[in-house]
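# Inside the fold
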Amino acid sequence: MKVLFVVSGLGMGGAERVVALLSAAWAERGWDVAVAAFDSPQDPVAHRFADGVELIRLGLAPGGGARLRGLTATARRLFALRKLLRAQRPDIVISFLTKINVLTLLAAAGTGIPVVISERNNPAEQRVHPLWASSWKTLAPRAAAIVLQTQAIRNRYPPAIAHKAVVIPNPVAIPSDLPRNSHDPTLVAVGRLTGQKGFDLLVHAFATLASDYPEWRLMIFGDGPERPALERMVADYDLENRIQLPGTSANHGEWIAQADAFVLPSRFEGFPNVLVEAMMAGLPVVAFDCDFGPAEIVTHDVNGLLVPPGDVAALALNLRNILKVSSLRDRLGGAARTSAVRFATERVVLKWDSLANRFLYAPK
């Protein structure tokens, strides 16, 4: 089997991590695996790729600014990818994220190479230029299959597309040798500092209970455009010594060593990897029941706590229970670790195997 993955770049991100895990698993089986990325060879590689995986850095950044410049850059990317597909002649191409999916479907037109596209976020909330959205709607039916992360997302697609959709959750793995840091009890959240992740709601909720649980602190790992606004909120509440924004952790999963409990306050999601990582680590979790993902990962009061989306008062109430009752933390954390096994890399790779094997003997 010869597989070509296509991604925007090899930096930080959930899609990039999935590609690293999948490509490693398939290369270990002796498959011929390559990953094509549009970023530069000088750009950092955030995730470890197996030695047997070929990395192809095309060095074609997306155009910005003037419309003509953007169209020219897109055309250059399209022709470079088409040339690569003709040279590689893979048995299957797997692309990730909306714009890259559109480019890959266009580049593969007429080649006979099956293209599996993977969408990784809430389609109703994505901010995509209308031209890309329209192109995706036109081209998606040409895909050999469409991989989605939850059944809830699949239910939102029209029948012409939904019949090609395959639900495969993200493979998730955490380091096995993380040290346990000695510190004050810590509630942890993780994600890019954007409005989507709802950290402003979390700061509001924590502020309402901080004085009642002075031994607990909140750490929000990540970086992004909302950092200044969040820092102002923390200062306004006079909680600089209780709420920390340490930035992105240096190594994958490093934040786990700091955590005694985990919270996901997102306004929307595609599939929250960090929620599963926290559960794999045996942490008690609290999450907004937002679209999409948490409800297919967490069963309320069994392996975590689900909160009505956007309800700050309810979030604060559930966090109080977690911070106050150690037996609840132990019960939920133990159940979380057990239930998260279904997202282990080896189990999810089997689902991708089943999909990829459809094309093993497909005629060229």
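First, a word on scope: everything that follows refers to the structure included in this document. (Residues numbered from 1 in each chain as written. Predicted model: local features only at pLDDT ≥ 70, side-chain atom pairs only at ≥ 80, totals over all residues. Heavy atoms only, no water.)

Across its full length, the chain carries 13 helices and 13 strands. Seen through its C-alpha atoms, the chain measures out along the principal axes to roughly 65 × 45 × 40 Å. Of all intrachain contacts in the chain linking residues separated by at least 6 positions in sequence, the fraction that spans at least 24 positions is 67%. Between the centroid of the 39 positive side chains of the chain and the centroid of its 33 negative side chains there is a distance of 10 Å. (Helix = DSSP H or I, 4+ residues; strand = E, 2+ residues; numbered from the N terminus. Contact = heavy atoms within 4.5 Å. Lys, Arg positive; Asp, Glu negative; His and termini not counted. Charge placed at Lys NZ, Arg CZ, Asp CG, Glu CD.)

Take the nonpolar core next. Core analysis: the biggest nonpolar cluster contains 36 residues, and L202, I220 and L315 have the highest contact counts within it. The element that contributes the greatest number of residues to this core is helix α7 (residues 199-209), accounting for 8 residues. Sequence-distant contacts of L315, that is, excluding residues within four places in its chain, are made with L201, L202, A205, V263, P265, V286, F288 and V307. With 34 residues, the next largest nonpolar core counts F5, V7, V33 and I94 among its residues. (Core = buried A, V, L, I, M, F, W, Y, C linked by side-chain atoms within 4.5 Å. Buried < 20%, exposed > 50% of the residue type's maximum accessible area, 1.4 Å probe, protein only.)

What follows deals with the pattern of salt bridges. Counted according to the given criterion, the structure contains 9 salt bridges. Residues R29 and D353 are paired through a salt bridge, measuring 2.2 Å at the closest nitrogen-oxygen approach. Here R29 is found in the loop between α1 (14-28) and β2 (32-37), whereas its partner D353 is found in helix α13 (residues 345-356), with 324 residues between them in sequence. A salt bridge links D223 to R227; its shortest N-O distance comes to 2.8 Å. Classification of R227 as buried rests on a relative accessible area of 16%. (Salt bridge = Lys/Arg side-chain N within 4 Å of Asp/Glu carboxyl O.)

Let us now look at α13. Structural remark: α-helix, 3.6 residues per turn; residues separated by three or four positions point the same way. For α13, built from 12 residues, the straight-helix expectation of 16 Å at 1.5 Å per residue is met to within 8% by its first-to-last C-alpha distance of 16 Å. Turning to α13, its buried residues number three or more, namely T345, V348, V349, W352, D353, L355 and A356. Summarising the axial view, the buried residues of α13 lie within an arc of 160 degrees, below the 170-degree limit, and thus occupy one face. Turned more than 90 degrees away from the buried face of α13, the exposed residues are L350 and S354. The elements touched by buried residues of α13 are α1, β4 (92-96), β5 (115-118), β6 (145-148) and β7 (165-167). (Expected span 1.5 Å × (residues − 1). Arc of directions from axis to C-beta.)

Turning our eyes to something else, we now look at the packing of aromatic side chains. This structure, assessed with the given rule, holds 7 aromatic pairs. A ring pair is formed by F5 and W26, whose centres lie 5.8 Å apart and whose planes are at 20 degrees; its orientation type is stacked. You can see F5 sitting in strand β1 (residues 2-7) and its partner W26 sitting in helix α1, a full 21 residues away along the chain. By way of ring pairs, the aromatic residues F5, W26, W31, F96 and W352 are connected into one cluster. Sitting over the ring of F38, R77 keeps its end group 4.3 Å from the ring centre. (Phe/Tyr/Trp six-rings, centres within 6.5 Å; stacked < 30°, edge-to-face > 60°. Lys NZ or Arg CZ within 6 Å of the ring centre and 35° of its normal.)

Every buried residue of helix α4 (residues 130-139) is listed here: W132, W136 and L139. Here the buried residues of α4 occupy an arc of 80 degrees about the axis, which is enough to place them on one side. Turned more than 90 degrees off the buried face of α4, the exposed positions are P130, L131, K137 and T138.

What follows concerns the sheet that holds strand β9 (residues 217-221). Judged by pairing direction, the sheet is parallel, and its 6 strands sit side by side in the order β10-β9-β8-β11-β12-β13 without closing on themselves. Each end of this open sheet is capped by a strand with a single partner; those strands are β10 (243-247) and β13 (305-307). Direction aside, the axes of adjacent strands within the sheet are offset by 20 degrees on average. Here 5 bridges tie strand β8 (residues 186-190) to β9, and the two strands are oriented parallel to one another. Bridging from a neighbouring strand, T186 pairs with R217 of β9. Against the sheet, α7 makes contact with β8, β9, β10, β11 (261-264) and β12 (285-288), and its axis sits at roughly 175 degrees relative to β9, the strand it touches most. Across the sheet, helix α9 (residues 273-280) is in contact with β8, β11 and β12; its angle to β11 comes to roughly 165 degrees. (Pairing = 2+ DSSP bridges. Axes fitted to C-alpha atoms, helices over the stretch in contact; angles between N-to-C directions.)

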